Amino acid sequence: MPDARGARGRARRTGLAALLLGVGLLALAVPITGAALSRLPGDAVLRDLRADKAVGVRALNRLIDSRQMAGRWREDPRDLGDLVLAYLLLAERPAGDPAHLLAAEQTVTAALRAAPADPYGWTRLALVRWQLGRPAESIRAALNAACTTGPNSTRLKAIQQALRAKFPAAPDG
């Protein structure tokens, strides 16, 4: 009889361990799943942007709403990058609101805190700072960080060269 009781005790402990493991995995999966589901409405807008299709204000707002909702579930630097892109596109519209540029600056700064080695983020920060009329030194600093973190990124070269031409390095003195 002692063997049967010992086997039942081991089975209970194993069952309890499996249950706790399952609950732990579920707790980890819920935010990931919630964020992924929240991103879905904005994903179509992002696909259109990547395909160089015209995207309206309502679609950009849908992208913003979906990324903000995803951020409530789980912060992801890529979602913040998508937000910055949407804010920049809204700001460049004929009736663009300067508040979108301020939101872009705030969002890209948060994204860079989460992922400081992102050359796209640093390039966006330089661009936003330029559009906001920030001091040239802050634009050069962001541009230097972009070139340091992504020195071989051919997709960023054109914008980086255009910004460097506008804000050349200060002479040593």
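Our structure is the block above this text.
Here's what I pulled together on the structure shown here. Each chain carries its own residue numbering, running from 1 in the written order of its sequence. It should be noted that, the model being predicted, local features are given only for residues of pLDDT at least 70 and side-chain atom pairs only at 80 or more, the latter also being counted only at that level, while totals for whole chains, interfaces and linings use all residues. The side-chain values count all of the structure's non-hydrogen atoms but skip hydrogen atoms and water molecules.

## Points about helix α6 (residues 136–149)
Now for step 1: Over its 14 residues, α6 extends 20 Å from the first C-alpha to the last, a length consistent with the 20 Å expected when each residue adds 1.5 Å.
Now for step 2: Three exposure classes are used, based on accessible area relative to the maximum for each residue type with a 1.4 Å probe and protein chains only: buried under 20%, partly exposed in between, and exposed over 50%. By the criteria applied, helices consist of DSSP H or I runs no shorter than four residues and strands consist of E runs no shorter than two, each listed in order from the N terminus. Buried within α6 are the following residues: Ser138, Ile139, Arg140, Ala142, Leu143, Ala145 and Ala146.
Now for step 3: Working rule for contacts: check all heavy atoms of both residues, and any pair within 4.5 Å makes them a contact. If you follow the buried residues of α6, they end up packed against α5 (119–132) and α7 (154–166). Here the expected length of a helix is defined as 1.5 Å per residue gap, with one fewer gap than residues.

## What to know about α5
Note that an α-helix has 3.6 residues per turn; residues three or four places apart therefore point the same way.
Now for step 1: In a regular helix each residue adds 1.5 Å, so 14 residues correspond to 20 Å; α5 covers 20 Å between its end C-alpha atoms and thus fits that length.
Now for step 2: Among all positions of α5, only Pro119, Gly121, Trp122, Thr123, Leu125, Ala126, Val128 and Arg129 are buried.
Now for step 3: Next to the buried residues of α5 lie α3 (77–91), α4 (98–114), α6 and α7.
Now for step 4: For α5, the N-terminal cap is Asp118; the gap from its side-chain oxygen to the backbone nitrogen of Tyr120 is 3.0 Å. Polar contacts, as used here, are pairs of N or O atoms within 3.5 Å; protein pairs need one atom able to donate a hydrogen and one able to accept it. Residues neighboring in sequence count only if both atoms are side-chain atoms.

## A closer look at the side chain of Asp79
Now for step 1: Relative to the helices and strands, Asp79 is located in helix α3.
Now for step 2: The contact partners of Asp79, leaving out residues within four places of it in the chain, are Arg39, Arg67, Ala70 and Arg74.

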